[in-house]
Number of protein chains: 2
Amino acid sequence: MGGDHGPPVVVEGVSLALDRLSGRRVRFLLHGDEARIGAELARRPGARAACEVRHTDLVVAGDEKPATALRRGKGTSLWNAIEAVKAGEADAAVSAGNTGALMAVSKMILRMAGGLDRPAIVASWPTMRGVSAVLDVGANIASDAAQLVEFAIMGEAFYCAVHGGADCRPSVGLLNVGSEDVKGHEEVREAHRLLREAGLELDYYGFVEGNDIAKGTVDVVVTDGFTGNIALKTAEGMARFFSTALRETLTSSPMAKAGALIASGALKAMRARLDPSSVNGGPLLGLNGVVVKSHGGADARGFANAIKVAADLAASDYAEHIARNMERLTAALHETAATAENGA
Amino acid sequence: MGGDHGPPVVVEGVSLALDRLSGRRVRFLLHGDEARIGAELARRPGARAACEVRHTDLVVAGDEKPATALRRGKGTSLWNAIEAVKAGEADAAVSAGNTGALMAVSKMILRMAGGLDRPAIVASWPTMRGVSAVLDVGANIASDAAQLVEFAIMGEAFYCAVHGGADCRPSVGLLNVGSEDVKGHEEVREAHRLLREAGLELDYYGFVEGNDIAKGTVDVVVTDGFTGNIALKTAEGMARFFSTALRETLTSSPMAKAGALIASGALKAMRARLDPSSVNGGPLLGLNGVVVKSHGGADARGFANAIKVAADLAASDYAEHIARNMERLTAALHETAATAENGA
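Caption draft 1: Broad picture of the overall build of chain A. Secondary structure assignment for chain A yields 13 helices and 10 strands. Taking 20 Å as the expected radius of gyration for a compact globule of 344 residues, we find that chain A reaches 21 Å, a close match to that expectation. In terms of overall dimensions, chain A has a C-alpha envelope of 70 × 60 × 40 Å along the principal axes. The buried share of chain A, reckoned over its 344 residues, is 55%.

Caption draft 2: View of helix α2 (residues 34-42) of chain A. Residues and elements named next belong to chain A. Taken as a whole, α2 has its buried residues at Ile37, Glu40 and Leu41. In a view along the axis of α2, the buried residues occupy a sector of 100°, so they form one face of it. Buried-residue contacts for α2 involve α1 (7-20), β1 (28-32), α3 (45-50) and β2 (51-55). At the N-terminal boundary of α2, the capping side chain belongs to Asp33, with an oxygen 3.0 Å from the backbone nitrogen of Ala35.

Caption draft 3: Highlighting the interface of chain A and chain B. Of the residues lining the interface, 50 residues belong to chain A; the matching set on chain B comes to 51 residues. Here chain A packs against chain B, burying approximately 4,500 Å² in sum over the two surfaces, 78% of which is carbon and sulfur. It is Phe226, Phe241 and Phe242 of chain A in chain A that bury the most area against chain B; as a group they hold 15% of the surface buried on that side. Between the two partners, chain A and chain B, sit two salt bridges. In this structure, Lys233 of chain A engages Glu209 of chain B in a salt bridge whose closest nitrogen and oxygen atoms are separated by 2.4 Å.

Caption draft 4: Inspection of the sheet that holds strand β4 (residues 120-127) of chain B at higher detail. All names here are of chain B. Spatially, β3-β10-β9-β4-β5-β8-β6-β7 is the arrangement adopted by the eight strands of the open sheet, whose pairing is mixed. On the outer flanks of this sheet lie β3 (92-95) and β7 (203-208), each paired with one strand and no other. Neighbouring strand axes in the sheet, compared pairwise and without regard to direction, differ in orientation by 25° on average. Relative to strand β8 (residues 220-222), strand β5 (residues 130-135) runs parallel, the two being bridged by three bridges. Considered in β8, the bridge of Leu135 is made with Val222. Its contacts with the sheet place helix α6 (residues 99-110) against β3, β4, β9 (282-285) and β10 (290-293), and it is angled at close to 175° to β10.

Caption draft 5: Structural view of the side chain of Asp224 of chain B. Positionally, Asp224 of chain B belongs in the loop between β8 and α10 (225-249). In this structure, Asp224 of chain B is buried with no salt-bridge partner, the nearest side chain bearing the opposite charge being Arg118 of chain B at 10 Å. Within the structure, the side chain of Asp224 of chain B is placed 2.8 Å from the side chain of Thr227 of chain B, a separation counted as a polar contact. Those residues within four positions of Asp224 of chain B in sequence are excluded, and the remaining contacts are Phe226 of chain A together with Asp136, Ile141, Ser143 and Leu148 of chain B.

Caption draft 6: Here's a closer look at unusual backbone geometry. Residues and elements named next belong to chain A. Residues Leu135 and Asp136 are joined by a peptide bond in cis, for which omega reads -5°. Here Asp136 lies in the loop between β5 (130-135) and α7 (145-162). Phi at Arg111 takes a positive value of approximately 65°, unusual for a residue other than glycine.

Caption draft 7: Broad picture of the relation of the copies chain A and chain B. Rotating chain A by 180° about the axis while translating it 0.0 Å along that axis superimposes it on chain B, leaving an RMSD of 0.0 Å. The transformation just described matches what one would write down for a two-fold rotation axis. When C-alpha distances to the rotation axis are compared across chain A, the minimum falls at Gly259 of chain A, with a value of 1.8 Å. Taken together, the interface assignments show that 100% of the residues at the interface of chain A recur at the interface of chain B, consistent with an identical surface on both copies.

Caption draft 8: Spatial organisation of the pairing of strand β6 (residues 171-175) of chain B. Residues and elements named next belong to chain B. With five of five residues buried, β6 is to be regarded as a mostly interior element. Neither face of β6 is exposed, since Ser171, Gly173 and Leu175 on one face and Val172 and Leu174 on the opposite face are all buried. With five bridges connecting them, β6 and β7 associate as parallel partners. Directly across from Val172, in β7, lies its bridge partner Tyr204. With helix α8 (residues 186-197) bridging β6 and its parallel neighbour β7, the resulting β-α-β unit is right-handed.

Caption draft 9: Spatial organisation of the packing of aromatic side chains. Applying the stated rule across the entire model yields one aromatic pair over all chains. Taking 4.1 Å as the distance between ring centres and 20° as the angle between the ring planes, the aromatic pair formed by Phe242 of chain A and Phe242 of chain B counts as stacked. Pair noted here: Phe242 of chain A is in helix α10 (residues 225-249) and Phe242 of chain B is in helix α10, and the two residues belong to different chains.

Caption draft 10: How the structure looks around the pattern of salt bridges. Residue and element names in this part refer to chain A. Scanning the entire structure with this criterion turns up 28 salt bridges over all chains. A salt bridge links Glu52 to Arg54; the nearest nitrogen and oxygen atoms lie 2.9 Å apart. Judged by its relative accessible area of 36%, Glu52 is partly exposed. Across the pair Lys215 and Asp212 runs a salt bridge, and its minimum N-O distance is 4.0 Å. Of the two residues, Lys215 and Asp212 both sit in helix α9 (residues 210-215), three residues apart, roughly one turn of that helix. The exposure class of Lys215 is partly exposed, given its relative accessible area of 41%. Through salt bridges with shared partners, a single ionic network connects Arg24, Lys308 and Asp312.

Caption draft 11: Broad picture of the confidence of the model for chain A. Residue and element names in this part refer to chain A. When pLDDT is averaged across chain A, the result is 91; 98% of the residues are at 70 or more. Mean pLDDT across the secondary structure elements of chain A bottoms out at helix α11 (residues 254-274), with 77, and peaks at strand β8 (residues 220-222), with 98. Taken together, the chains of this predicted complex give a pTM of 0.92 and an interface ipTM of 0.91.

Caption draft 12: Seen up close, the environment of Ala120 of chain B. Residues and elements named next belong to chain B. Relative to the helices and strands, Ala120 is located in strand β4. Residue classification places Ala120 among the buried residues on the basis of a relative accessible area of 0%. Here the alpha-carbon distance between Ala120 and Phe151, two residues 31 residues apart in the chain, equals 6.8 Å. Discounting chain neighbours no more than four positions away, the residues touching Ala120 are Leu135, Asp136, Ala139, Phe151, Met154, Pro283, Leu284 and Leu285.

Caption draft 13: Molecular detail of the packing of helix α1 (residues 7-20) of chain B against helix α13 (residues 300-315) of chain B. Residues and elements named next belong to chain B. At a minimum axis separation of 7 Å, α1 and α13 run at an interaxial angle of 55°. Comparing the axis directions of α1 and α13 gives the class oblique. The way α1 lies across α13 gives a crossing that is right-handed. From α1, Val9, Val10, Glu12, Gly13, Val14, Leu16, Ala17 and Arg20 reach across to α13, where they touch Ala300, Arg301, Phe303, Ala304, Asn305, Ile307 and Lys308.

Caption draft 14: Main features of the environment of Gly73 of chain A. Turning to its location among the elements, Gly73 of chain A is positioned in the loop between α4 (66-72) and α5 (77-86). With 12 residues separating them in the primary sequence, Gly73 of chain A and Ala61 of chain A have C-alpha atoms 14 Å apart.

Definitions and cut-offs
Residues numbered from 1 in each chain as written. Chains lettered and ligands numbered in written order. Predicted model: local features only at pLDDT ≥ 70, side-chain atom pairs only at ≥ 80, totals over all residues. Heavy atoms only, no water. Helix = DSSP H or I, 4+ residues; strand = E, 2+ residues; numbered from the N terminus. Rg over C-alpha atoms; globule rule 2.2 N^0.38 Å. Buried < 20%, exposed > 50% of the residue type's maximum accessible area, 1.4 Å probe, protein only. Arc of directions from axis to C-beta. Contact = heavy atoms within 4.5 Å. Polar contact = N/O pair within 3.5 Å; in protein donor to acceptor, adjacent residues only side chain to side chain. Buried area = accessible area lost by both parts, 1.4 Å probe. Salt bridge = Lys/Arg side-chain N within 4 Å of Asp/Glu carboxyl O. Pairing = 2+ DSSP bridges. Axes fitted to C-alpha atoms, helices over the stretch in contact; angles between N-to-C directions. Lys, Arg positive; Asp, Glu negative; His and termini not counted. Least-squares fit on C-alpha atoms with pLDDT ≥ 70 in both. Right-handed = clockwise from strand over helix to strand, strands pointing away. Phe/Tyr/Trp six-rings, centres within 6.5 Å; stacked < 30°, edge-to-face > 60°. pLDDT = per-residue confidence, 0-100. Parallel < 35°, antiparallel > 145°, perpendicular 65-115°, else oblique. Left-handed = near helix turned anticlockwise from the far one by under 90°.

Set out below in C-alpha cells:
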C-alpha cells in the first residue's frame, strides 16, 4: 500500500520481477486492501498466479510518526508484512512506505541479529566503475567506532550477496575528510584502527573522501547515518541539477536542439545511469530477516529492482557471512578492553 | 608560490583580476621567489605596475603538516603574506597553498575576531538558482550548537559581501537529515532553537536537506566541517562523473558524435556552471583579517576569482555585520545559561 503510487506500481513491479527472476520460484504475499490489489491483479494473470493477498484496511500513512505506527501495533499492512518474515511465511519484506515506521516496526518485530547493535540502511550508488554500496544512509544520526565497524561488516556481506559474483572480495573504505591516519574525529580514527587490526575477513582499503564515492575507489563506503544521508541527498540533488541543466542547455538554441535530437538515444541512456536514486532498493541491514525499502517515488521497474535485491539477499548466506566477522570483531573488542585494563 | 602551478598562474591571475577590478585601485604584494615571480611579471607589464615583490626563499610544501609550518614560523611566503595583513600592509591575503598550514598560520597571526570561537571555510556552490554559500567545509571536524550559529552569522555576512547586492537579505538554512524540529542530533537541534530564538538579524529558514543545496532552497547552508567537507567533495565527484559520462556518451556512436558537435557550444557553457570547484575562492571566515584560499588546481581565471572574492570582502562591512549579530548571540546565550541556572 506504500509509496506515492500504491498497488498499481507494486503489482506491476511484481509482474516485472517475475520476468527478471524467472529462473527462481518466487512467490508473493501482498498485504493491504484486497479490492484495490485484486483489481490490479485481475489485469495481470501472470502475477496473480504467484500472489496471495492478505487483506487489511489499516495502512501506515507516509507522514505518520514511527512511534505512532509502533503504538498502533498489529494489523497494518506494514506490520503484517514484517510479521510474515518473523513467522517464516516470507523470506523477505519489501515496502515503499514510511521509512521511519518501517525501521521501527522491523526492529521491534525482528530484533537485531546476533551481536549487532544498530541497523543500517544501505544505498547502491552508481559510480564510474559500476555500483558501490554506501551505508549508513539514514537509520542512525550518530555512530561510535564499533558501530561503524559493524556497518563495514554488514555492507561487505550485502555487496557480495547483491552485487558480487563468486569469489567476491569487495574493498571497504571509511569516509573521512582526509586520507591520513590522523584526520577526522575520534570515532572514525578508532574505527580505522579496528578495521585494520581486528582480523576481520574483509578487504579494508582505509579512509576515502567524498569524491571517492562517485569515482568508485572502493566497493563499500562506510559512514555514520547523518553524514551518509546528507551525502546521498546532496548527490541526488546534484544529479537532478545536471539533468535539468542538460535539458535547458539542449533546448537553448536551434543548433543545440538539433544536436540533442541527434544524440537523444545516448543521452537518455546516460541520465538513467547517474542518479543514486535510480538503483532502487535499500535494505535495512542487521535484523533477523530481510527487509528492503523501495523509494517512495519509484516506478514499477524500480520496485521490481527492490524485489530483486530482496530475493538476492534472501537466497544468499549473507547472515552467516556477517556472523563470522562479528565473532572476530567481538574477540578483538574484548582484547582491546583487556589491554586498556592492563594498561590502567 | 602555492598551488599546483605556482607563480605563472598567480601572476596571470593578478593580471586578469586587474582587468575585472578596473574600477578599483587594487595593488598586490607578491611573496616568494623574486626571480621566478619577476620573470612572469616581465611578460605582463600591466600587472608589474600594480605589484611589489617581497622576496623569500622559504616555501611551505603542499604536504607539510600544519604544525611544522607553525614551528618554522616567520619567513615563509605563506607566513609573510598573512603577516602583511596583520601589519595593515595588505587588506587581504590570497593563497593557493597548503590549506591546513594556511589555516594554522592565519589563526596564529590574526587570531579570531571578537567573540567568535572557531574559523570556518566557506564554499560558493553553484545551484539551480545561482550560487549558495556552504560552510564549514573543512576548517573543523566537529561543532557544537553555538559554533554552528556562529557559522550562520559568518556565512550570512559573507554572502552579502560577495554575492549579495544592496538590501541583501539572504536566507539561511541548517543542514539536517529531515525538516521536522525533532530530527537530527542534539547539536543541530539546539542550533535550530538558537537561530529561531536568539533575535539575530538574519533570515533563518530552518532545516534543509542534502538535495536542497543544489536546488538553491536557501542562500546560506550551515553545517559542521566534517559533513560539509564530505558533502562538497561528494558533489565535486558527482560533477566529474557527470562530465565524464557526458563525454563518453557523446562519443559513443557516430550519431551521438554528430549531435555533440552541433550542440558543443551550449554543452561547454553548461559544464563550467555545474562544478562546485568552478566557483573558486574559499575565505577563512572568523579571523581579524581577510584570508582567501584558492583551489590548488585552479587556473588563472579561478585565481582571479579568488582575488575578486578577497577584494569584495576587504571592501565590505562584513566584519561589523558579524560583530552586530555576535552581540545579539552572546546576549541570547547568557539568557539561556541564566534560565538553566534558575531552573536547576
